[in-house]
Amino acid sequence: MPEPAQLEATLTHLSQLISYPSVSSESNLDVIGYLDEQLRRIGARTVITTSEDGRKANVFATLGPDADGGVVLSGHTDVVPTTGQAWTSDPFAARIDDGRVYGRGSCDMKGFLAAALAMGPHYASRQLRKPVHFAFTYDEETGCLGAPVLIDELMRTGPRPSVAIIGEPTSMRMIEGHKGCYEFTTHVCGLEGHASLPDQGVNAIEYAVRYLHRLLELGADLRDRVPPGSPFDPPWPTLSVGQIEGGIARNVIAKDCRIEWEMRPLKQSDADYVMERIDAYARDQLLPAMRAVYADADIQTETFAAVVGLDPEPDSKAIELVGALTGSNTTDVVSFGTEAGLFQAAGISTVVCGPGSIEQAHRPDEFVDISQLEACLAMLERLTVRLEA
């Protein structure tokens, strides 16, 4: 069990972190400032990287020797909105009740950030032979936009960790694999006019529906692309349409239509299969028909996220380490996405393991069990022996 002081520090940090409403649509500079200050206070060497507009930031920090290797504890600082959700208390004021901490981000994933911060003074007081790093990022929820900026800087300047623990809520289970996540907006641009003269316009909604129908056909095709023994639920790559919006009135030929959609491939070839075929359909069939009426008609797809999956690694250093720290010898996979695949693609052995259940994430009255925070602290405390070896 962790020391009472470590749990108390975790709860204090978590309360403070929840109080920062770091919704992805807003700046996260306040919460990054707090994390940076706490890490520098214990002697960590910190590096800040920012988004192009300067409204978002990551912090990467190191304790111990200035060398490659060691372990990075990573998590995102952004949270999803609370708009329209029926909370029974202020979502940005931590509430402790019946062994749980309630608040937006308590589970996903400020609980892990708080535990890592609470362990910081402990690591700083020891003679570490391997470094421990902290990587806290922006905009994971909107497409893992911050982690690539942090990792690019890390690969350029170092140090390069050997193992990454991504503290997403897994109920402290070791997750060795997850699907990728690609998010798109397809814009269909036509020619408006009076609905009584449909042949003189290009109805963006009509062409969007044709595009959507082809997308759904490709989504059905993905069910046949199941590798033997796929451990995922569902076992196939998935495609989903989340929103379609267009037009201004019943009697006006729609000039514009927008489709919001996503897919979750098991491997890159799944994504390539969909994109090659939907692009060919738009290019070879839809656009010629549209431009026969209006030369400037267009179909453009904007990519908002292209998050690589986490592939199970043979002889994974990360699984070996976290298995020893938690006493577990089993692994699992999940269908939700994380930043783990980005660290893995950079050559860092990676596992997802953190406090709380994904079933509580993104919901009103989000919470993390204090017992889960204690289990996380116990894992991080046991890490000390590995860092001193």
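Residues numbered from 1 in each chain as written. Predicted model: local features only at pLDDT ≥ 70, side-chain atom pairs only at ≥ 80, totals over all residues. Heavy atoms only, no water.

## With respect to the nonpolar core
1) Next: Ranked by size, the top nonpolar core spans 53 residues in total, and within it Leu 35, Leu 73, Tyr 123 and Phe 134 carry the most contacts.
2) Next: The leading source of residues in this core is helix H3 (residues 106-124), at 11 residues.
3) Next: Residue contacts for Tyr 123: discarding those within four places in its chain leaves Leu 63, Leu 73, Leu 128, Val 132, Phe 134, Leu 380, Glu 381, Leu 383, Thr 384 and Leu 387.
4) Next: One finds Ala 204, Ala 208, Met 263 and Val 274 within the second-largest nonpolar core, a separate group that totals 29 residues. (Core = buried A, V, L, I, M, F, W, Y, C linked by side-chain atoms within 4.5 Å. Buried < 20%, exposed > 50% of the residue type's maximum accessible area, 1.4 Å probe, protein only. Helix = DSSP H or I, 4+ residues; strand = E, 2+ residues; numbered from the N terminus. Contact = heavy atoms within 4.5 Å.)

## Remarks on the packing of aromatic side chains
1) Next: Inspection of every chain in the model, using the stated rule, returns 4 aromatic pairs.
2) Next: Taken together, a centroid distance of 5.9 Å and an interplanar angle of 45° make the contact between Tyr 20 and Tyr 34 tilted. One end of the pair, Tyr 20, is in the loop between helix H1 (4-19) and helix H2 (29-41); the other, Tyr 34, is in helix H2, and 14 residues separate them in sequence.
3) Next: For Tyr 34, a relative accessible area of 11% puts it in the buried group.
4) Next: It is Arg 210 that lies over the ring of Tyr 207; its NZ or CZ is 4.5 Å from the centre. (Phe/Tyr/Trp six-rings, centres within 6.5 Å; stacked < 30°, edge-to-face > 60°. Lys NZ or Arg CZ within 6 Å of the ring centre and 35° of its normal.)

## Quick look at the pairing of strand S2 (residues 57-63)
1) Next: Across the 7 residues of S2, 7 count as buried, placing the element largely inside the fold.
2) Next: On S2, burial covers both faces: Ala 57, Val 59, Ala 61 and Leu 63 on one face and Asn 58, Phe 60 and Thr 62 on the other are all buried.
3) Next: Across 6 bridges, strand S1 (residues 45-50) lies against S2 in antiparallel orientation. Directly across from Ile 48, in S2, lies its bridge partner Val 59.
4) Next: Following S1, the chain reverses through 6 residues before pairing antiparallel with S2; Gly 54 in that reversal takes a positive phi of roughly 80°.
5) Next: Of the strand pairs in this sheet, S2 and strand S6 (residues 132-137) are connected by 5 bridges, and their pairing is antiparallel. Within S6, the residue paired with Thr 62 across the bridge is His 133. (Pairing = 2+ DSSP bridges.)

## Some details on the packing of helix H7 (residues 317-326) against helix H9 (residues 370-388)
Describing two packed helices takes the angle between their axes plus the distance from one axis to the other.
1) Next: The contact between H7 and H9 brings their axes to 9 Å, and the two run at 115°. Two packed elements cross with a definite hand, and for H7 against H9 that hand is right-handed. Contact with H7, carried on its side by Glu 320, Leu 321, Val 322, Ala 324, Leu 325 and Thr 326, involves Met 379, Arg 382, Leu 383 and Arg 386 of H9 and no other residues of that element.
2) Next: Partitioning the contact of H7 with H9 into residue classes produces 6 nonpolar, 1 polar and 3 charged. (Axes fitted to C-alpha atoms, helices over the stretch in contact; angles between N-to-C directions. Left-handed = near helix turned anticlockwise from the far one by under 90°. Nonpolar A, V, L, I, M, F, W, Y, C, P; charged D, E, K, R; others polar.)

## Notes on the layout of surface pockets
1) Next: Roughly 380 Å³ of volume is contained in the largest pocket.
2) Next: Lining the largest pocket are 19 residues, and of these Glu 140, Glu 141, Arg 264, Gly 337 and His 362 lie nearest its centre.
3) Next: Residues that form the lining of the largest pocket fall into these classes: 7 nonpolar, 6 polar and 6 charged. (1 Å grid on protein atoms, 1.4 Å probe; cavity = no way out; pocket = protein on both sides within 12 Å on 5 of 7 lines; lining within 4 Å. Points joined across faces, edges and corners; volume = space filled by probe spheres on them.)

## Quick notes on helix H5 (residues 204-221)
1) Next: For H5, spanning 18 residues, the distance from its first C-alpha to its last is 26 Å, which sits close to the expected 26 Å at 1.5 Å a residue.
2) Next: For H5, the set of buried residues is Ala 204, Tyr 207, Ala 208, Tyr 211, Leu 212, Leu 215, Leu 218 and Gly 219. What you see down the axis of H5 is that its buried residues fit within an arc of 140°, all on one side.
3) Next: In this fold, the buried residues of H5 make contact with strand S9 (181-189), strand S11 (238-246), strand S13 (256-264), helix H6 (268-291) and strand S14 (298-307).
4) Next: The N-capping residue of H5, defined by a side-chain oxygen 2.9 Å from the backbone nitrogen of Ile 205, is Asn 203. (Expected span 1.5 Å × (residues − 1). Arc of directions from axis to C-beta. Polar contact = N/O pair within 3.5 Å; in protein donor to acceptor, adjacent residues only side chain to side chain.)

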